[in-house]
Amino acid sequence: KDILSRFENLLSEYFKTERPETLGLPTAGWCAAQLHLSANYFGDLIKKETGNTALDYIQSRLIDEAKVRIFDTGKSINEIAYQLGFKYQQHFTRLFKQKTGMTPNGYRNQN
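Residues numbered from 1 in each chain as written. Predicted model: local features only at pLDDT ≥ 70, side-chain atom pairs only at ≥ 80, totals over all residues. Heavy atoms only, no water.

## Some thoughts on helix α4 (residues 39-50)
Heads up, the condition is: Helix and strand assignments follow DSSP, with helices taken as H or I runs no shorter than four residues and strands as E runs no shorter than two, numbered in order from the N terminus. The length a helix should cover is 1.5 Å for every residue beyond the first. For each residue, the accessible area found with a 1.4 Å probe, counting protein chains only, is set against the maximum for its type, and the residue is called buried under 20%, exposed over 50%, and partly exposed in between. Directions from the helix axis toward the C-beta atoms define the arc. Throughout, a contact is declared for two residues whenever any of their heavy atoms are within 4.5 Å.
For α4, built from 12 residues, the straight-helix expectation of 16 Å at 1.5 Å per residue is met to within 8% by its first-to-last C-alpha distance of 16 Å. Along α4, the residues classified as buried are F42, L45 and I46. In a view along the axis of α4, the buried residues occupy a sector of 95°, so they form one face of it. α4 presents N40, D44 and K48 as exposed residues on the side facing more than 90 degrees away from its buried surface. Contacts made by the buried residues of α4 are with α1 (2-16), α3 (28-34) and α5 (54-70). Positive backbone phi, approximately 85°, marks G51, located one or two places after α4.

As far as function goes, none of this settles anything; it's purely spatial.
Encoded structure:
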């Protein structure tokens, strides 16, 4: 559980900084290295604790962060995608739709 809370804090801090714009999306390997764990051990721990893979967990946090940012209508979906670490808006839109069942614009307009 300690690793999970440290992982959660790591992701929260990551998205509060400019890192996504410079480093891109956080990977499970990067997170494991930041927590001083091997990638395989880290992946196994996250799977055991959450029932999801580390990548699924990262993507879930990413979508949660995106949902908050989408309500800032002063920013385009493209700007939000870039701020979250996506090189291409299409990749962000595809992941968002895959995880939520709607496009970022559709989500923004519905809410």
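There is more to say, and it comes next.
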